[in-house]
Amino acid sequence: MSDELFSAAQFILQNEGILSPSNPMIIQTAFADDRVEIVGSVHGNSGQLIAVLINLNLPFEGEFVSGVDETTTPFALPRPDTYETPVFQWSNGKTRFYRPGLWENYLVHLARGVKAKIEALQLLNGVPISDGTLFGDMPLSGASPRTEGE
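None of these values were measured; they are calculated from a predicted model. (Residues numbered from 1 in each chain as written. Predicted model: local features only at pLDDT ≥ 70, side-chain atom pairs only at ≥ 80, totals over all residues. Heavy atoms only, no water.)

I keep staring at the packing of aromatic side chains and nothing clicks. Help me out?
How two aromatic rings sit relative to each other is set out by the distance from centre to centre and by the angle between their planes. Across all of its chains, the model carries four aromatic pairs by this definition. Plain terms: the ring middles of Phe-88 and Tyr-98 are 6.4 Å apart, the flat faces sit at 90 degrees to each other, and that makes the pair edge-to-face. Within this pair, whereas Phe-88 is found in strand β5 (residues 82-91), its partner Tyr-98 is found in strand β6 (residues 94-98), the two being separated by ten residues in sequence. Residue classification places Phe-88 among the buried residues on the basis of a relative accessible area of 0%. (Phe/Tyr/Trp six-rings, centres within 6.5 Å; stacked < 30°, edge-to-face > 60°. Helix = DSSP H or I, 4+ residues; strand = E, 2+ residues; numbered from the N terminus. Buried < 20%, exposed > 50% of the residue type's maximum accessible area, 1.4 Å probe, protein only.)

What should I look at first to understand the confidence of the model for the protein chain in this one?
It should be kept in mind that the predicted coordinates are not to be read in detail where pLDDT is low. When pLDDT is averaged along the protein chain, the result is 80; 74% of the residues meet or exceed 70. Taken element by element, the protein chain is modelled with least confidence in strand β1 (residues 18-21), mean pLDDT 80, and with most confidence in helix α2 (residues 103-123), mean pLDDT 94. Residue range residues 64-79 is modelled with pLDDT below 50. Its contacts to residues more than four positions away, or to other chains, number 28 contacts. (pLDDT = per-residue confidence, 0-100. Contact = heavy atoms within 4.5 Å.)

Please clarify how helix α1 (residues 2-16) should be interpreted in this entry.
One full turn of an α-helix is made of 3.6 residues, so residues set three or four places apart face in the same direction. Compared with the 21 Å implied by 1.5 Å per residue over 15 residues, the 21 Å span of α1 between its first and last C-alpha is a close match. Taken residue by residue, α1 has Leu-5, Phe-6, Ala-8, Ala-9, Ile-12 and Leu-13 as its buried positions. With its buried residues spanning 165 degrees around the axis, α1 presents them on a single face. In α1, the exposed residues that point more than 90 degrees away from the buried face are Asp-3, Glu-4 and Gln-14. (Expected span 1.5 Å × (residues − 1). Arc of directions from axis to C-beta.)

Given below as structure tokens:
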């Protein structure tokens, strides 16, 4: 099961993740919505994921102790009405931390949604677009961009 979760997380990060270099050797990619946060570390030379963390933004009822819910391991970050709790940690080919739950189905649901977006975009490949209103001020005939200036 953890291999399937890693594959879904990897697919989401590769297609929807936002890259941010933290240092020259390791680049981070992240995806987040109201329910889940997926963070991956990408090796700078190989481009392979070397770590993946999945956290849930659970509704919070109660009080934080010193700003952190100390009953949640290995870490948690307080937010106004939610708290972040880890459910999956993977590094160097091994699952290091795993808490089963409904989030697993949600992760698969997200991956299916990403796949559907990709497939919809592929269906549009080669289909002419009606962009006349955007480029209405351009002449309809003239030199092509490739031959202009030659």
